Amino acid sequence: MINEPNEMTFDSKKFSMILYGSPGVGKTTLALSAPDPVLIDFDRGISRIKAEHRRLAKAVITLDTYEEVLKDIESPVVAAAQTIVIDTGGSFVTFLQDWAMRSNPSVNRQKNGAISLKGFGAVKSEFIRFTGYVKDVLNKNVIYVFHTEEKTDKDGNTQQRLMCEGAAKNIVWTPCDFGGYIQMIGQERRIFFSPEQEFFAKGCHGITGNYPIPALGPNVPNDFLTRIFDKAKANIAEETAEYIPLKEKYDAAIAKGKEIVAGITDVETANAAMPQISSIEHALTSKKEIGVMFNARIRELGLFFDSVLKKYTPAPKED
Amino acid sequence: MFLITQSLLSSWGYMYNCREDVQEQAKEDFIRSLNREPIPANEAMQAGIDFERLCYSIANGTFSPEFVTDGTVNKSSYGDGELMGYNKYPKNYDGAKKVADIIRGGQIQVNLRRPITVDGTRFLIHGVLDVLKAGVIYDVKYKVMSFGSLYLAGSYLDSPQHPAYFYLVPEAREFQYLVSDGTDLYVETYTRENTPYIGDLIAEFVTSVKGMGLYELYTEKWLA
């Protein structure tokens, strides 16, 4: 299906998100506030969630091996869901390590039973493949729930990090649209989408700063992340409406600039190019970018700018 | 007017953020920076420079893998006379390719200057952007250690680089650190809204340098 950029809608846009925070802060319950969630309970922590909130999951997948996950995500229940919650990302990596060592023991397992460096590589590759498959092929929101690990810097300041082994703790951030850190402040739970000294967080599409998480009760639906996602979709539509004309103008400016710069072959064409470049209608960073192209071409030709005459001349001859 | 660069600010900031055991060294390095003494590239710096070059060459299409052959010629009917061998890709190619796919089409090594007045003093901010493309500033970073042994999230929160470069390019919408260990890519994005004003950082720098008795040295060596 071919869509014109300005005709695109984002109603079916899916997001990926990291949720992390201390034990008991309500990460899994919050993850289940995303639209139509299925929970993959790597951590066997579903029993810790209140029964009324547990029911918000369309299904809970409990498992003994990673192979079971691969089978279960193809089930009709998962097909009908909009969100897959990985609880926790750290335990998911542990399952992947077990899978890597069983599936290729000669390469991925050391003699002492620990995972080898190649095994870590296999885990990382599968982590990336699985995430991409769920988000892009199955077209689901993906939420990674992580516990935190508290570190102290040299000044004694506390820093919160994702509890996870191997490279996954880093690579998980890049494809994620949002990284929310959940914290109790007094009696209120808040989620942060902007980074602070104590923790890293990530926001986009206008979802930044921090938000109070509503306390759940009989008449308060658990739909916080559904509303966040809806807000992000509305913001994307606005951003797109604003950005597309700018990008079109930018592309046109860069194309024109490239054409002018390509036509510079000597002093005359360089001088003729200056007013042509000035007359380009610029957008975003096109002015600076064309300036860089122009300067590079001038250097290439060895031309010299005479600041008195305000024009290019051949470089002065050295005696 | 005095020149100021993000690397000078980084060198100053590192004195306060480094481990205690290297604090003396960090101070010495900062004073060398203040004296504008050239710092020879160490192994890690050189690896970073080589990685950046590899990214740029892939992005601009000048990279070609080394063709390794023992001189054997294909004598079969469909490949008569063709030299047999294989393409050898350099170490770090996978990570560099991921970076190159993002920066392709952008302008590389963009040299910029812009004056700023802080508490009545004029400074000239100078920076060389790795890549500028369509409203986004990219900075390429290389990590010698693999991602498995590092924790990167938030690494650049306190860096003076994105505040300085946002000031140099007022029309930029985003700043992205593209960090690779030669295999994987980690991207940390900052927007103008979540970036502190560089003028505040320069004010802190001046106060601190005055407190260390080094302001005269700075104004002598960094005259623009």
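Conventions used here
Residues numbered from 1 in each chain as written. Chains lettered and ligands numbered in written order. Predicted model: local features only at pLDDT ≥ 70, side-chain atom pairs only at ≥ 80, totals over all residues. Heavy atoms only, no water. Helix = DSSP H or I, 4+ residues; strand = E, 2+ residues; numbered from the N terminus. Rg over C-alpha atoms; globule rule 2.2 N^0.38 Å. Buried < 20%, exposed > 50% of the residue type's maximum accessible area, 1.4 Å probe, protein only. Contact = heavy atoms within 4.5 Å. Areas by Shrake-Rupley, 256 points an atom, 1.4 Å probe, with all protein chains shown as cover. Lys, Arg positive; Asp, Glu negative; His and termini not counted. Charge placed at Lys NZ, Arg CZ, Asp CG, Glu CD. Expected span 1.5 Å × (residues − 1). Bend = angle between axes of the 7 residues up to and from the residue. Phe/Tyr/Trp six-rings, centres within 6.5 Å; stacked < 30°, edge-to-face > 60°. Lys NZ or Arg CZ within 6 Å of the ring centre and 35° of its normal. Salt bridge = Lys/Arg side-chain N within 4 Å of Asp/Glu carboxyl O. Pairing = 2+ DSSP bridges. Domains from an automatic or database assignment.

**Here's the deal with the overall build of chain A**
Link 1 in the chain: Within chain A, the secondary structure is distributed over eleven helices and eleven strands.
Link 2 in the chain: Against the globule reference of 20 Å for 319 residues, chain A gives a C-alpha radius of gyration of 27 Å, more extended than a compact globule.
Link 3 in the chain: Here the C-alpha coordinates of chain A stretch approximately 85 × 55 × 50 Å along the principal axes.
Link 4 in the chain: Relative to its 319 residues, chain A shows a buried fraction of 47%.
Link 5 in the chain: A sequence separation of at least 24 residues applies to 63% of the contacts in chain A between residues at least 6 apart.
Link 6 in the chain: Accessible surface computed for chain A: about 16,200 Å², of which carbon and sulfur atoms make up 53%.
Link 7 in the chain: Measuring between centres, the 39 positive side-chain charges of chain A sit 3 Å from its 41 negative side-chain charges.

**Structural notes on helix H9 (residues 224-262) of chain A**
Link 1 in the chain: Here H9(A) is 39 residues long and its end C-alpha atoms lie 54 Å apart, about the 57 Å a rise of 1.5 Å per residue gives.
Link 2 in the chain: Of all bends in H9(A), the biggest is about 30°, found at A:Tyr243, and the proline A:Pro245 comes one to four residues later.

**Regarding the packing of aromatic side chains**
Each pair of aromatic rings is reported with the distance of its centres and the angle of its planes.
Link 1 in the chain: Taken as a whole and assessed by the stated rule, the structure comprises 39 aromatic pairs over all chains.
Link 2 in the chain: Note on B:Trp12 and B:Tyr16: the rings are 6.0 Å apart at their centroids and 75° apart in plane angle, and the pair reads as edge-to-face. On the criterion of helical spacing, the pair formed by B:Trp12 and B:Tyr16 is a turn pair, its members being four residues apart in helix H1 (residues 6-17).
Link 3 in the chain: Taken together, the ring pairs connect A:Phe42, A:Tyr66, A:Phe92, A:Phe95, A:Trp99, A:Phe127, A:Phe130, A:Tyr144 and A:Phe146 into an aromatic cluster.
Link 4 in the chain: If you follow B:Arg114 out to its NZ or CZ, it ends over the ring of B:Tyr167, 4.0 Å from the centre.
Link 5 in the chain: Its guanidinium or amino end placed over the ring of B:Tyr215, B:Lys210 lies 4.8 Å from that ring's centre, counting from NZ or CZ.

**Observations concerning the pattern of salt bridges**
All names here are of chain A.
Link 1 in the chain: This structure, assessed with the given rule, holds 19 salt bridges over all chains.
Link 2 in the chain: Across the pair Arg 102 and Glu 67 runs a salt bridge whose closest N-O atoms are separated by 3.0 Å. Of this pair, Arg 102 sits in helix H5 (residues 89-103) while Glu 67 is found in helix H3 (residues 66-72), placing the two residues 35 residues apart along the sequence.
Link 3 in the chain: For Arg 102, a relative accessible area of 39% puts it in the partly exposed group.
Link 4 in the chain: Glu 126 is paired through a salt bridge with Arg 129; the nearest N and O atoms lie 2.8 Å apart.

**Some thoughts on H1(B)**
Residue and element names in this part refer to chain B.
Link 1 in the chain: Look at H1: 16 Å from first C-alpha to last across twelve residues, which is about the 16 Å you get at 1.5 Å a residue.
Link 2 in the chain: For H1, the set of buried residues is Gln 6, Leu 8, Leu 9, Ser 11, Trp 12, Gly 13 and Met 15.
Link 3 in the chain: Contacts made by the buried residues of H1 are with strand E1 (2-5), helix H2 (23-34), strand E7 (121-133), helix H5 (161-168), helix H6 (198-211) and helix H7 (215-221).

**A closer look at the side chain of B:His162**
Link 1 in the chain: Mapped onto the elements, B:His162 comes out in helix H5.
Link 2 in the chain: Assessed through its relative accessible area of 0%, B:His162 is described here as buried.

**So, the pairing of strand E9 (residues 210-213) of chain A**
Residue and element names in this part refer to chain A.
Link 1 in the chain: Alternating positions in E9 separate cleanly, Tyr 211 and Ile 213 being buried on one face and Asn 210 and Pro 212 remaining unburied on the opposite face.
Link 2 in the chain: Pairing geometry for strand E8 (residues 188-192) and E9, over four bridges, is antiparallel. Along E9, the bridge assignment pairs Phe 192 with Asn 210.

**Some details on the domain arrangement of chain A**
Link 1 in the chain: Entries for chain A in the domain assignment read domain 1 (5-222) and domain 2 (243-314).
Link 2 in the chain: The C-alpha centroid of domain 2 of chain A is placed 48 Å from the C-alpha centroid of domain 1 of chain A.

**Quick word on unusual backbone geometry**
Residue and element names in this part refer to chain A.
Link 1 in the chain: The amide bond that connects Asp 87 to the next residue, Thr 88, takes the cis arrangement and shows omega of -5°.
Link 2 in the chain: Following the sequence through the fold, Thr 88 ends up in the loop between strand E4 (83-87) and H5.
Link 3 in the chain: The phi dihedral of Lys 310 falls on the positive side, at around 60°, and the residue is not glycine.
Link 4 in the chain: By the secondary structure assignment, Lys 310 is in the loop between strand E10 (303-306) and strand E11 (311-314).

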